[in-house]
Amino acid sequence: MRTRSHRAVAGVVAGVLGLSALTACSGSADTSQGARGTRSSPSPSPSPTPAWDTSPESVAAVGDSITRGFDACSVLSDCPEVSWATGSDAQVRSLAVRLLGTSRARTHSWNYARTGARMEDLPAQMARAGARTPELVTVMAGSNDACRPTATSMTPVSAFRDDFEKSLRRLREAAPKAQVYVMSVPDLKRLWSEGRASDLGKQVWKLGICSSMLADPDALDSVAGARRDRVQERVIAYNEVLEDVCAKDERCRYDGGAVFDYRFGQRQLSHWDWFHPSRDGQARLAALAYRGVTDRNPVRTPGA
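Keep in mind that this is a model prediction, so the values were computed, not measured.

Visitor: An account of empty space enclosed by the protein is needed here, citing residue identities and associated values.
Guide: For the coordinates displayed, the defined rule picks out 2 cavities of 30 Å³ or more. Put simply, the largest cavity is a space of about 240 Å³. In terms of lining, the largest cavity is formed by 18 residues, of which the most central are Pro186, Phe264, Leu269, Pro277 and Leu285. Those elements giving two or more residues to the lining of the largest cavity turn out to be helix H7 (188-195) and helix H12 (279-294). With 4 residues, H12 is the single largest residue contributor to the lining of the largest cavity.

Visitor: How would you summarise the side chain of Gln282 if you had to cite specific residues and measurements?
Guide: On the secondary structure map, Gln282 appears in helix H12. For Gln282, a relative accessible area of 0% corresponds to the buried category. Setting aside residues up to four positions removed in sequence, Gln282 forms contacts with Ile66, Gly69, Val82, Ser83, Trp84, Val92 and Pro277.

Visitor: Tell me about the state of the cysteines, and name the residues and values.
Guide: Counted by the stated rule, this structure contains 3 disulfides. Shown here is the disulfide that connects Cys246 with Cys252, its sulfur atoms set 2.0 Å apart. As the torsion about the S-S bond is roughly -110°, the Cys246-Cys252 disulfide counts as left-handed. Taking the relative accessible area as the measure of exposure, Cys246 reaches 1% and is therefore buried. Counting its disulfide-bonded cysteines in sequence order, the protein chain shows a connectivity of 1-2, 3-4, 5-6.

Visitor: So, the packing of helix H4 (residues 122-130) against helix H6 (residues 157-174): which residues are in play, and what are the values?
Guide: Contact geometry for H4 and H6: axes closest at 8 Å, N-to-C directions at 15°. Accordingly, the angle class assigned to the pair H4 and H6 is roughly parallel. The chirality of how H4 crosses H6 is right-handed. Where H4 abuts H6, its residues Leu122, Pro123, Met126, Ala127 and Gly130 lie against Asp163, Phe164, Lys166, Ser167, Leu168, Arg170, Leu171 and Ala174. Split into classes, the residues belonging to the contact of H4 with H6 amount to 8 nonpolar, 2 polar and 3 charged.

Visitor: Give a detailed account of the packing of aromatic side chains, specifying residues and quantitative values.
Guide: For the coordinates displayed, the defined rule picks out 1 aromatic pair. Seen in terms of ring centroids, Phe160 and Tyr238 are 4.1 Å apart; in terms of plane orientation they differ by 15°. Their pairing is stacked. One end of the pair, Phe160, is in helix H6; the other, Tyr238, is in helix H10 (residues 222-247), with 78 residues separating them in the sequence. The same class applies to Phe160 and to Tyr238, which are both buried. One residue, Arg190, lies across the ring of Phe264, its end atom 5.7 Å from the ring centre.

Visitor: I'd like a description of the layout of surface pockets, backed by residues and values.
Guide: Here the largest pocket defines a volume of roughly 390 Å³. Around the largest pocket, the lining is made up of 21 residues, and of these Phe70, Ile209, Cys210, Phe275 and His276 lie nearest the centre. Along the lines of polarity and charge, the residues of the lining of the largest pocket split into 11 nonpolar, 7 polar and 3 charged.

Visitor: Explain the packing of H6 against H10 to me, using residue names and the numbers behind them.
Guide: Helix-helix packing is described using two parameters, namely the angle between the two axes and the distance between the axes. Contact pair H6 / H10: the axes reach a minimum separation of 10 Å and the direction vectors enclose 30°. Here H6 runs over H10; the crossing is right-handed. Facing Val157, Phe160, Arg161, Phe164, Glu165 and Leu168 of H6, the residues of H10 in contact are Arg234, Ala237, Tyr238, Val241, Leu242, Asp244, Val245 and Cys246. A breakdown of the residues in the contact of H6 with H10 according to their chemical character gives 10 nonpolar, no polar and 4 charged.

Visitor: I'd love a proper account of the nonpolar core, names of residues and values included.
Guide: Core analysis: the largest hydrophobic core is formed by 46 residues, its most contacted members being Phe164, Val182 and Leu188. Top contributing element to this core by residue count: H10, with 8 residues. Once residues lying within four places of it in the same chain are set aside, the contact partners of Val182 are Val139, Phe164, Leu242, Cys246, Cys252, Arg253, Tyr254 and Asp255.

Visitor: So what about the pattern of salt bridges? Which residues, and what values?
Guide: For the structure on display, the rule yields 15 salt bridges. Its salt-bridge partner being Lys248, residue Asp244 comes within 3.5 Å of it at the nearest N-O pair. Through salt bridges with shared partners, a single network forms among Arg196, Asp199, Lys202 and Asp218.

Scoring rules and cut-offs
Residues numbered from 1 in each chain as written. Predicted model: local features only at pLDDT ≥ 70, side-chain atom pairs only at ≥ 80, totals over all residues. Heavy atoms only, no water. 1 Å grid on protein atoms, 1.4 Å probe; cavity = no way out; pocket = protein on both sides within 12 Å on 5 of 7 lines; lining within 4 Å. Points joined across faces, edges and corners; volume = space filled by probe spheres on them. Helix = DSSP H or I, 4+ residues; strand = E, 2+ residues; numbered from the N terminus. Buried < 20%, exposed > 50% of the residue type's maximum accessible area, 1.4 Å probe, protein only. Contact = heavy atoms within 4.5 Å. Disulfide = S-S within 2.5 Å. Axes fitted to C-alpha atoms, helices over the stretch in contact; angles between N-to-C directions. Parallel < 35°, antiparallel > 145°, perpendicular 65-115°, else oblique. Left-handed = near helix turned anticlockwise from the far one by under 90°. Nonpolar A, V, L, I, M, F, W, Y, C, P; charged D, E, K, R; others polar. Phe/Tyr/Trp six-rings, centres within 6.5 Å; stacked < 30°, edge-to-face > 60°. Lys NZ or Arg CZ within 6 Å of the ring centre and 35° of its normal. Core = buried A, V, L, I, M, F, W, Y, C linked by side-chain atoms within 4.5 Å. Salt bridge = Lys/Arg side-chain N within 4 Å of Asp/Glu carboxyl O.

See the structure below:
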């Protein structure tokens, strides 16, 4: 279910040269006259798209509970040390550690994500991140916009787009040259499929975790199926927005649907809630992000 992502990079310089013609008249006076052609000024060349820096020297992270490492270490608690983006845990080897090294990651990476955040909260987080003037900002948001009490209360796609566009504008006001790496929203329907195999997980889900997708996990009737499909379609629409808006920013790169497409299993889910990533899940996210950031070419979907 991978979405398409590409940027066109072109430079055109046109120079129109005038023609010179020399006419001569034959006669007894032997006179000649030169006619000088005109030369037009070359058209200005458009500014080239900045090359993607595969080794940024500072990282700021924005997003939701996934980036805070929620429920990865203990129940109902943030655990930022295992965050895929900026954590210090040796087993996870966060993106910041992989890019900067352990020592520099402690002083040149910042985590402004917040548990429970939706896309409407991202502009404020971006403003805080931009104040650090980081060379790279990671974005992972959207799960909470789809994970609502009901499918009808999910964030509208238009509002999701407006808030993401506003987020990038807020970042550009403070850090116009910061690179942005955007992670896709995870596959929530696969999360339901994997987590429902655990009786404990299903009991925890009854507390109200992502009810739009996870309510009545054993119900396989057409109504329940249609509800889950609606949530899945909304996640796909959110990812299309992330891709489209990011493509309009010359310093933004979308993951090409890498997180959405990742075939995670129960080992990658927190056994506290069977919803958030476990420590192993955080490590897998860190590896996906590192691969995307350090790839010299943007991720492209087939046929793009």
